[in-house]
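One letter stands for each residue in the lines below.
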Amino acid sequence: MSKYQEETQLELYSFEERRMELKKMLKELIPHISGDWFIGKGALLGIYREGDLILEDHDIDIYLLPGTVIELPQGWGMQNYYMDTKLFKKSNELAKPNTWTEYCSLTKTKYPYLNRAQVFKEAKKTYASNKIEPLFTKPFFDIYNLTKEDDRYVIPYWTEYYGSFFYNNEVEPLVKNYVLGYEVNIPNNAENVLSRHFGSDWIFPNKKYKKNIKKFWESKNLSI
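Here goes a summary of the coordinates provided. The model shown is predicted, which means the values in this text are computed figures rather than measured ones. (Residues numbered from 1 in each chain as written. Predicted model: local features only at pLDDT ≥ 70, side-chain atom pairs only at ≥ 80, totals over all residues. Heavy atoms only, no water.)

## Looking at the sheet that holds strand β3 (residues 59-64)
Alright, step 1. Read from one edge of the open sheet, five strands run β2-β3-β7-β6-β5, paired in mixed fashion. The outermost strands of the open sheet, each flanked by one partner alone, are β2 (37-40) and β5 (76-81). The sheet shows a mean angle of 30° between the axes of neighbouring strands, taken without regard to direction.
Alright, step 2. As defined by bridge partners, strand β6 (residues 84-89) adjoins strand β7 (residues 140-145) across four bridges and the pair is classed as antiparallel. Each residue of the ladder has a partner; that of Lys86, found in β7, is Asp142.
Alright, step 3. Across the face of the sheet, helix α2 (residues 41-50) comes into contact with β2 and β3 while running at roughly 80° to β2. (Pairing = 2+ DSSP bridges. Helix = DSSP H or I, 4+ residues; strand = E, 2+ residues; numbered from the N terminus. Axes fitted to C-alpha atoms, helices over the stretch in contact; angles between N-to-C directions. Contact = heavy atoms within 4.5 Å.)

This is the structure we're talking about:
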């Protein structure tokens, strides 16, 4: 076995461990959610297309309809972090995101008309004073509180800049799904949601997503 193959095998093993941990954490969290919620973005794509979470995913996006609350399980933590809220297990390894790029992403939502260089310049003015030090561990959940607006549910920051939202008839009612081995909620028009979030070709994996394990994706056809 070559060094590349050994490194790839170790990386895939790490990905699989993380996927198993995410599913275990979600199963633990669900009984602590009171109200209506559902899974979206990459986790929804994996459930609908792969029949599992996508191997490289490091989080799960959970959307809460108005009035829904989460009571943290014992040993869990929560941190409000820029454009979402992180839920995590305190005993896991501390996450180390690039806080500068994440702050620039937040700045871009406030000044969508600026180009890349201008965003960096604007972000630099307030980064030192407004930077949020990550306290969450990995893997983690991104939590989004939805607000109803006419015929759709919107998400702070994400709707205005990224165009992320859910029509009423996509989440009223929600659909039960058992692909992960237990019950989770997903939108009832999942194909429409996935097309809006990932493009009309969402059903076809993009092999460029993980270049350093290209050979694996060519054989398994699993990449996002």
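## A word on unusual backbone geometry
Excluding glycine, a negative phi dihedral is what most residues carry, and trans is how most peptide bonds are arranged.
Alright, step 1. Each neighbour pair has its own omega, and for Lys138 with Pro139 the value is -5°, a cis peptide bond.
Alright, step 2. Looking at the secondary structure, you find Pro139 in the loop between α4 (116-130) and β7.
Alright, step 3. Positive phi, normally seen in glycine, also occurs at Tyr82, with a value near 50°.
Alright, step 4. With respect to the helices and strands, Tyr82 occurs in the loop between β5 and β6.

## A closer look at the sheet that holds strand β10 (residues 165-167)
Alright, step 1. Pairing in this open sheet of three strands is antiparallel, and the strands run β8-β9-β10 from one edge to the other. Because the sheet does not close on itself, it has two edges, and the strands there are β8 (147-149) and β10. Neighbouring strand axes in the sheet, compared pairwise and without regard to direction, differ in orientation by 30° on average.
Alright, step 2. Here three bridges tie β8 to strand β9 (residues 152-154), and the two strands are oriented antiparallel to one another. Among the inter-strand pairings, Glu149 is bridged to a residue of β9, identified as Arg152.

## Some words on the side chain of Asp61
Alright, step 1. Here Asp61 lies in strand β3.
Alright, step 2. The buried charged residue Asp61 lacks any salt bridge partner; its closest oppositely charged side chain belongs to Lys41, at an N-O distance of 5.1 Å. (Buried < 20%, exposed > 50% of the residue type's maximum accessible area, 1.4 Å probe, protein only. Lys, Arg positive; Asp, Glu negative; His and termini not counted. Salt bridge = Lys/Arg side-chain N within 4 Å of Asp/Glu carboxyl O.)

## Quick word on the pattern of salt bridges
Alright, step 1. According to the stated counting rule, one finds 13 salt bridges in the structure shown.
Alright, step 2. The salt bridge involving Glu149 is made with Arg152; its shortest N-O contact spans 3.3 Å.
Alright, step 3. Judged by relative accessible area, Glu149 falls into the partly exposed class, the value being 36%.
Alright, step 4. In this structure Arg152 comes out as partly exposed when scored by relative accessible area, which is 23%.
Alright, step 5. Through salt bridges that share partners, Glu16, Arg19, Lys23 and Asp52 make up one connected network.

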